[in-house]
Amino acid sequence: MSIDLNRASTVDQAEIARFSAIAETWWDPRGKMAALHKFNPVRVGWVRDQACRRFGRDTKRIDTLAGLRILDIGCGGGILSEPLARLGAEMVGADPATTNIEVAKLHAEKSGLAIDYRNTTAEDLAEAGEKFDVVLAMEVVEHVADVPLFVSICAGMVKPGGLMIAATLNRTLKSFAMAIVGAEYVLRWLPIGTHQWDKFVTPAELETAMSEAGLVVSAESGVLYNPLADRWGLGRDMDVNYMMAADKPD
Amino acid sequence: MTARTDVFIAGGGFAGLALAIALRRALGPSFAVTVADPALAAPRTDARASAIAAATRRMLEQIDVWPAVAGEAQEIVDMVVTDSRLDDAVRPTFLTFAGEVAPGETFAWMVENAVLLAALRERAEAEAVTILTTPVTGYEAAGGTVTVTPEAGAPVAARLLVAADGVRSRLRDLAGIATVGWEYGQSAIVTTVAHEREHGGRAVEHFLPAGPFAILPLVRNRASLVWVEKTPEAQRIVGLPDDGFHEELEKRFGLHLGALEAVGPRQAYPLGLTVARAFVAERLALLGDAAHRVHPIAGQGLNLGLRDAAALAETIADAARLGLDIGGPDVLERYQRWRRFDTLTMGLATDGLNRLFSNGSDVLRLVRDLGLGMVDRTPLLKKVFIREAAGLSGAVPRLLRGEEL
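Residues numbered from 1 in each chain as written. Chains lettered and ligands numbered in written order. Predicted model: local features only at pLDDT ≥ 70, side-chain atom pairs only at ≥ 80, totals over all residues. Heavy atoms only, no water.

Before going further, it helps to spend a moment on the nonpolar core. Grouped together as the largest cluster of nonpolar side chains are 96 residues, with contacts concentrated most on F31, L116 and L120 of chain B. If we ignore the near neighbours within four places in the chain, the residues touching F31 of chain B are I62 of chain A together with D6, V7, L23, R24, R159, I316, A320 and I326 of chain B. F132, V144, V147 and M157 of chain A belong to the second largest nonpolar core, which has 32 residues in total. (Core = buried A, V, L, I, M, F, W, Y, C linked by side-chain atoms within 4.5 Å. Buried < 20%, exposed > 50% of the residue type's maximum accessible area, 1.4 Å probe, protein only. Contact = heavy atoms within 4.5 Å.)

Right, let's talk about the packing of aromatic side chains for a bit. Taken as a whole and judged by the stated rule, the model has seven aromatic pairs over all chains. Taken together, a centroid distance of 4.9 Å and an interplanar angle of 85° make the contact between F39 of chain A and W232 of chain A edge-to-face. In this pair, F39 of chain A is assigned in helix α2 (residues 34-55) and W232 of chain A in strand β7 (residues 231-235), connecting sequence segments 193 residues apart. With respect to class, F39 of chain A is no different from W232 of chain A; both count as buried. The structure contains a cluster of three or more aromatic residues connected by ring pairs, namely F39, Y225 and W232 of chain A. R57 of chain B extends its terminal NZ or CZ atom over the ring of W66 of chain B, reaching a point 5.6 Å from the ring centre. A cation over an aromatic ring shows up here: R266 of chain B above the ring of F245 of chain B, its NZ or CZ 4.1 Å from the ring centre. (Phe/Tyr/Trp six-rings, centres within 6.5 Å; stacked < 30°, edge-to-face > 60°. Helix = DSSP H or I, 4+ residues; strand = E, 2+ residues; numbered from the N terminus. Lys NZ or Arg CZ within 6 Å of the ring centre and 35° of its normal.)

A word on the packing of helix α2 (residues 54-62) of chain B against helix α8 (residues 301-320) of chain B. Residues and elements named next belong to chain B. As a packed pair, α2 and α8 sit with axes 10 Å apart at the nearest point and diverge in direction by 50°. Put simply, α2 runs oblique to α8. Note that α2 runs across α8; the crossing there is left-handed. Of the residues in α8, those in contact with T56, M59 and L60 of α2 are L302, N303, L306, A309 and A310. (Axes fitted to C-alpha atoms, helices over the stretch in contact; angles between N-to-C directions. Parallel < 35°, antiparallel > 145°, perpendicular 65-115°, else oblique. Left-handed = near helix turned anticlockwise from the far one by under 90°.)

The interface is formed by 18 residues belonging to chain B together with 16 residues belonging to chain A. Of the roughly 1400 Å² buried where chain B meets chain A, counting both sides, 54% is carbon and sulfur surface. For the chain B face of the interface with chain A, the top three residues by lost area are R321, L322 and G323 of chain B, together amounting to 39%. Our enumeration of links across chain B and chain A arrives at one salt bridge. Linking chain B with chain A are four residue pairs in polar contact (both at pLDDT 80 or more). For the side of chain B that touches chain A, the secondary-structure elements that each account for two or more residues are α1 (14-27) and α9 (329-357) of chain B. If you tally residues by element for the side of chain B that touches chain A, the top one is α9 of chain B, at three residues. A class-by-class count of the residues in the side of chain B that touches chain A yields eight nonpolar, four polar and six charged. (Buried area = accessible area lost by both parts, 1.4 Å probe. Salt bridge = Lys/Arg side-chain N within 4 Å of Asp/Glu carboxyl O. Polar contact = N/O pair within 3.5 Å; in protein donor to acceptor, adjacent residues only side chain to side chain. Nonpolar A, V, L, I, M, F, W, Y, C, P; charged D, E, K, R; others polar.)

Residues and elements named next belong to chain B. Running from amino to carboxyl end, α1 crosses α8 at an angle of 30°, the nearest separation of the two axes being 9 Å. Here α1 lies roughly parallel to α8, going by the angle between them. Two packed elements cross with a definite hand, and for α1 against α8 that hand is right-handed. Contacts from F14, A15, A18, L19, A22, L23 and L27 of α1 reach α8 at L302, G305, L306, A309, L312, A313, I316, A317 and A320. Of the residues that constitute the contact of α1 with α8, the class distribution is 15 nonpolar, one polar and no charged.

Our focus in this paragraph is the sheet that holds strand β3 (residues 33-36) of chain B. Residues and elements named next belong to chain B. Taken together, the six strands give an open sheet; going across it, the order is β11-β3-β2-β15-β23-β22, and neighbouring strands pair in mixed fashion. Edge strands, defined here as strands with exactly one partner in the open sheet, are β11 (130-132) and β22 (280-281). Judged from the four bridges that link them, strand β2 (residues 7-10) and strand β15 (residues 160-163) form a sheet pairing that is parallel. Following the sheet pairing, I9 is matched in β15 by V162. Relative to the sheet, α1 contacts β2, β3 and β15, its axis offset from that of β3 by approximately 165°. (Pairing = 2+ DSSP bridges.)

Let us now look at the confidence of the model for chain A. Overall, the predicted model of chain A reaches an average pLDDT of 88, with 94% of residues at or above 70. Throughout residues 1-11 of chain A the model reports pLDDT below 50, and contacts reaching past four residues in sequence, or to other chains, amount to 17 contacts. (pLDDT = per-residue confidence, 0-100.)

Our focus in this paragraph is the sheet that holds strand β14 (residues 156-158) of chain B. All names here are of chain B. Spatially, the four strands line up as an open sheet ordered β1-β14-β13-β12, and their pairing is mixed. Every other strand in the sheet has two partners, leaving β1 (3-4) and β12 (136-142) as the edge strands with one partner each. Pairing of β12 with strand β13 (residues 145-150) involves six bridges; the strand directions are antiparallel. The residue of β13 that forms the bridge with Y139 is V148.

Right, let's get into unusual backbone geometry. With glycine set apart, most residues show a phi of negative sign, and most peptide bonds adopt trans. Residues and elements named next belong to chain B. One non-glycine residue, D64, lies in the positive phi region at around 65°. Note that D64 resides in the loop between α2 and α3 (66-70). For D64, a relative accessible area of 30% translates into the label partly exposed. At R220, a residue that is not glycine, the phi angle is positive and equals roughly 60°.

Time to look at the side chain of R69 of chain A. Residues and elements named next belong to chain A. Tracing the chain through its elements places R69 in strand β1 (residues 69-73). Given a relative accessible area of 17%, R69 falls into the buried group. A polar contact is formed between the side chain of R69 and the side chain of E90, at a distance of 3.4 Å. At a separation of 2.8 Å, a polar atom in the side chain of R69 contacts the main-chain carbonyl oxygen of K131. Excluding residues that lie within four positions of it along the chain, R69 makes contacts with E90, V92, R118, E130, K131, F132, D133 and V134.

Turning to the pairing of strand β18 (residues 211-218) of chain B, a few remarks are in order. Residues and elements named next belong to chain B. Burial analysis of β18 places eight of its eight residues in the buried class, the great majority of the element. Where strand β17 (residues 202-208) meets β18, five bridges bridge the pair, whose relative direction is antiparallel. In the sheet register, H206 faces β18, and the bridge partner there is F213. Between the antiparallel neighbours β17 and β18 lie two residues. Sheet topology places β18 next to strand β19 (residues 222-230); six bridges connect them, and they run antiparallel. The residue bridging L218 from the neighbouring strand is R222, located in β19. Taken together, β18 and the strand that follows it, β19, pair antiparallel across an intervening segment of three residues, in which R220 is found at a positive phi of about 60°.

Right, let's talk about the environment of G71 of chain B for a bit. Positionally, G71 of chain B belongs in the loop between α3 and β5 (74-75). Taking the C-alpha atoms as reference points, G71 of chain B and V219 of chain B, 148 residues apart in sequence, are found 8.7 Å from one another.

Here is the structure:
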């Protein structure tokens, strides 16, 4: 993820063409974001299941998130926001990178989905007093400068009775081998330099940050890659990729 | 004005209708499904009957079609396989199956096609599937949508188009998907006979030199025949006057069930093996005979088609419940991977069986008789064959396991 400093208020035609080209590759399941596309259904499913548990919904209904206002922080090209919007959620996607937001907007329009994408940060949204039923921080915690501060800002935007979900990478020897050496250098799934291992967050650190922000951790799961089936799935092993859900009391 | 639907199914045969019903039941009233087929304008006249494997029956139960069919379904209690020449006085029995896949659950049922199609049609209407009685003449996939052009009426925009339009699928051709396969130079004569004595639910398959001759029990003391001959011979037999046809029939059928009477129209269907090179294209999935046609030697054509429908329904339902794009490449790829392996296995197995059995060579006869004799004496192998015939091997879709979608 790169921060685009071009914050021009008017976007010209050449720029739109450039964004469209990026959107095409971003959303191509066999393109350079292939790994994310394979990973995505697993986290969408977990987010759906946690939201259904918290709000008493039926996971089999195709409008199961109807009426829930959900914030997707670090939404990128919208690969998580779009499925949740299709399930009925009122989505707000936030990303500090202008390119990401333009790509996401273009694709949502093509998909016929109304998603409120904003070129902004969690801090700015919190300052504006925005509130959500669910706040998602998926694959962003490992990129922020101050984890406890970031988590408290996210938690502050969760309505009472709501939910926060974070997905990130654990700081273990295994995650160093798999996420840095494996995913970046060997498999070339991700650009080299995507992750800095020393910024990875252990489940204990994340849980402490969530508790201090007034949340109660309600579920956690590892996300595991099966190289033989070339598929991702849920599992108990949280040594590399994991997700954590925390409830805000009523 | 363009109408909108979620899934557009071109072709209202078994697989197309079953898919439509399964999707409506699983995904609820906000998920729109359209089926288009000119054949849906009038009641079906198909004189054939089909073997419904145990797994397929479970699926029909799940989509609430079986209750309307059950009274007209004949349970196959056991199956006898013989290998003989036409003039053999006694046809030695090499294999008998008394097949239960679970206590009290038989491995197959016989149902007339017209009965099953009428039940599927009725259920589709009850589930508020939109039915168009017109063929599809074209389609265009662009962005997140496929726009389908029916011959009559306005274009329809869908998220996914399903080609369930048969062996000579027009949509498959429009998508530029080639097929591989070959003709066997054989045709299946299909007709229905009434007989004097009770068949007791026994199916009989004689492996005659020209090809299999199957007697499949129907309700009310009738049997459906699938009688394979070289194509010119099949055409000659079908064209015989009634008494000539009767004579040929009796020669093969025998008199173990008493006096015989041909009661249905007789038709010859050329046999071949056709498999599409791809089962999916942009916003398009092939279903049933549009994807594959196998030799009817093991009675698996309809079952394969409904297995496609169960797998595609499950793939679509799982994707829709995750809010994923149901016509997107990931979702279609999952369906294709799931079905292609199974289809190839079945296609090659039926092809091999046919080559082995449609042959008068004494050497091959010895080989297959030894083989069948061995299978007959090995309960475990027999169990494997019964589960295969019942459609319960491999990665079985939830509907075929009798589970809710």
